Each structure stands twice: as C-alpha cells, then as structure tokens.
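The chain contents come next:
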Amino acid sequence: MTGQINVNKIAARTGTTITIDTGDALDVTLVKAEGTATTNLKQGLAKMWASFDQRGDVLGSAGTSGDTFNVTSITDALEGHIDVAIANDMVNATYSLTAMSHYSGTLAYDEYSRYCGGSNMAAGTFRLASQYSNGNEQDCYWNGILVHGDLA
Amino acid sequence: MSTIFANKIKNNQGGNNVRINQLSGIDTAGSITVQSEGNATTNLQQGLCKSWALTDQTTPEVLDSFNQASMTDTSTGIVTWTMTNIFSSTNWVASSSTHADNTTNAKSMVHSGTRTSSGTPSDKTSAGTSWYAKNSSHSGYDSEVVGHMAYGDLV
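Residues numbered from 1 in each chain as written. Chains lettered and ligands numbered in written order. Predicted model: local features only at pLDDT ≥ 70, side-chain atom pairs only at ≥ 80, totals over all residues.

**Digging into the overall build of chain B**
Argument step 1. What chain B contains, in helices and strands, is one helix and 15 strands.
Argument step 2. Its C-alpha atoms give chain B a radius of gyration of 20 Å, more than 25% over the compact-globule value 15 Å for 155 residues.
Argument step 3. With the C-alpha coordinates of chain B rotated into their principal frame, the extents come out at 60 × 35 × 30 Å.
Argument step 4. In chain B, of all internal contacts separated by at least 6 residues, the share reaching a separation of at least 24 is 51%. (Helix = DSSP H or I, 4+ residues; strand = E, 2+ residues; numbered from the N terminus. Rg over C-alpha atoms; globule rule 2.2 N^0.38 Å. Contact = placed C-beta atoms within 7 Å.)

Rendered as structure tokens:
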C-alpha cells in the first residue's frame, strides 16, 4: 500500500532529530540551498572518495588504503599507477574525477606535490597516474580521490 | 501551513523509499543538520557539491556536468565555466584534476587549477571561473580527462 501525507513541515516530536529507518532510502531531489536557490541533493553527493598510500610513509605500509567510501579495492598497479574499483558502479564513464597526489604525504617533503590525473575511465573502474616533473612515474600518497556523477 | 511532529519517518512497507519532493530547514531554510557516521553532526547544504563536470578539451566537449550553464574553450589549456545557479560570492572552493590522455599507462603530466595572475584569481566570479591546465613545461595544454568541482554557498 502506498501512503502519502501532504504537509509543509515535519518537526521533531521530542529533541531535534528525525530518524529515517535504516532499511529505508530517502528519495529527495531538491534541497533548499544557503540562499534563495535550490540545489540537487543526488547530484551534489560525492559518489566515491578515498585515500591511498602507495609508498607507506603515512599509513605504515606500501599499498594501504586509508578511509574510503563506495570502494571495492584499490590496487598498486605499477610505479606511480593505481587502479580503483568502485563498489556501486557509475551509470557510465563520463563522471567527474578529481584527485591529488603527493610524493610522501609527510611534513619532511611538504613541497613535493606531483602531477596526477585519471584515465582508463569505465563505469566501475579508473586508473590514476602520478609523475614527477621530469616525467617519470613515481609512487606517492594519494588523497582527495573524489567522484561526482550519476550512479547506475 | 500544516506541521507534523514525529521522531521517526518510516516507509509503511519497510526497506523502501521515503519520498520528499524538496527539503528545507524549518529554522533556517538553507541549513539542515544531518547525523554523521559517528556522534558528530554535519551540515547537508555545506557538504553538497554545487557544480561538477567532466570535459574533454581536445574535442572540446562537456561529457557530463551538473549545474553548469556553459563551457568555453577559451584557448589552449584554458576552459571557462559558468554556472546556472551561481554562488553568493567569489569565495567558493574549486578543485580540478587533469590527465593528458584517457589511455592505458598514459602519463598525466598536466597540472590544473583556477586561472590566476600572480596568485590572484584573474577571472573568478560568483558565476564561474576559468581553469588553466599546463604541461611540465608550463605551457597551456588541452587534455582528454578534465574533472572539475565546486563547493560553496549558493545565492
């Protein structure tokens, strides 16, 4: 049975929290933004994010994932290259991918940022490459790996 | 205006969608607090990406985007972005990532960011900006995989 209640406000009966049951999904498109405009909740959510330590200077051992969201695996593919597998795939390969890489991720090398970018983009996977300024691939500390776009 | 007071909203069959057409805060329309993964709370509106895009500048072509009104291939390595719903100031946060080729083991060798002049954003407005991608020789470079995103306060 489909139930529908039309109201303008839903306020907490007690306290300040309204809970949506864990097993239910909230299906909302429009959200009132900071001013007068509205924005799209689904489009505004990051669909995947991660950090990955290819050298092990930050997380203790080479090839270790840090915090992740919606990631199946991150693989140390070869020097300066990592492969990321998304758990719940994107609908196609035209999602927006941004990432940053740093030689070490440590204060001792704080000025050693690296060239990086994504390639081999598919709905469920992509590859990131990091290079030193002389063009050589180099293992690094990856942070700010972010995907925005449409889930399948 | 009608108000319902409740602490829980549940689909009457469970495990299904609870549908709402548009969410606004009651006390402040553009501010809704969301329980985070632990004990802390976070702000729904502040955490939303307000615009993103994937562009192939070699074509040039916008492959997918959100809240983007236009993309202009201004010159080699430079794309200029405008938004449909714009920010309330120029202090929004931008991030980009660029790869020269969308092929196996290709080298990135392109760095990108909002276009600046002596460290000052040269054409960043509340409605968009130019993004400048350069190769290792610091020359403008058109890339196949250009990801952009923007966070901040909409008007």
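Now that the structure has been shown, we can carry on.
**Focus on the interface of chain B and chain A**
Argument step 1. With 64 residues of chain B in contact, the opposing surface of chain A contributes 59 residues.
Argument step 2. With seven residues, strand β3 (residues 17–23) of chain B is the single largest residue contributor to the side of chain B that touches chain A.
Argument step 3. A class-by-class count of the residues in the side of chain B that touches chain A yields 25 nonpolar, 31 polar and eight charged.
Argument step 4. Of the pairings in the sheet, the one linking strand β3 (residues 25–32) of chain A to β3(B) comprises six bridges and is parallel in character. From the neighbouring strand, A:Leu30 faces β3(B), where its bridge partner is B:Gln22. (Nonpolar A, V, L, I, M, F, W, Y, C, P; charged D, E, K, R; others polar. Pairing = 2+ DSSP bridges.)

**A word on the sheet that holds strand β9 (residues 96–102) of chain A**
Residue and element names in this part refer to chain A.
Argument step 1. The sheet built from eight strands is open, its strands ordered β6-β5-β12-β9-β10-β11-β8-β7 with antiparallel pairing. Two strands close off the open sheet at either side, each with one partner strand: β6 (64–69) and β7 (71–78). Between one strand axis and the next, the sheet turns by 20° as a mean value, whatever way the strands run.
Argument step 2. Of the pairings in the sheet, the one linking β9 to strand β12 (residues 141–148) comprises six bridges and is antiparallel in character. Bridge pairing in β12 links leucine 97 to valine 147. (Axes fitted to C-alpha atoms, helices over the stretch in contact; angles between N-to-C directions.)

**Describing the environment of A:Thr36**
All names here are of chain A.
Argument step 1. Within the element layout of this structure, threonine 36 appears in the loop between β3 and β4 (38–40).
Argument step 2. Since 12 C-beta atoms lie within 10 Å of it, threonine 36 is described here as exposed.
Argument step 3. Spatially, the C-alpha atom of threonine 36 lies 43 Å from that of leucine 59, the residues being 23 residues apart in sequence. (Buried ≥ 20, exposed ≤ 12 C-beta atoms within 10 Å, placed from the backbone.)

**With respect to the nonpolar core**
Soluble globular proteins tend to pack their nonpolar side chains together in the buried interior.
Residue and element names in this part refer to chain A.
Argument step 1. Among the nonpolar cores identified, the biggest contains 52 residues, and Val84, Leu128 and Trp142 are the most heavily contacted of them.
Argument step 2. Looking at which element gives the most residues to this core, the answer is β12, with five residues.
Argument step 3. Excluding residues that lie within four positions of it along the chain, leucine 128 makes contacts with Ile82, Val84, Ala99, Cys116, Gly118 and Trp142. (Core = buried A, V, L, I, M, F, W, Y, C linked by C-beta atoms within 7 Å.)

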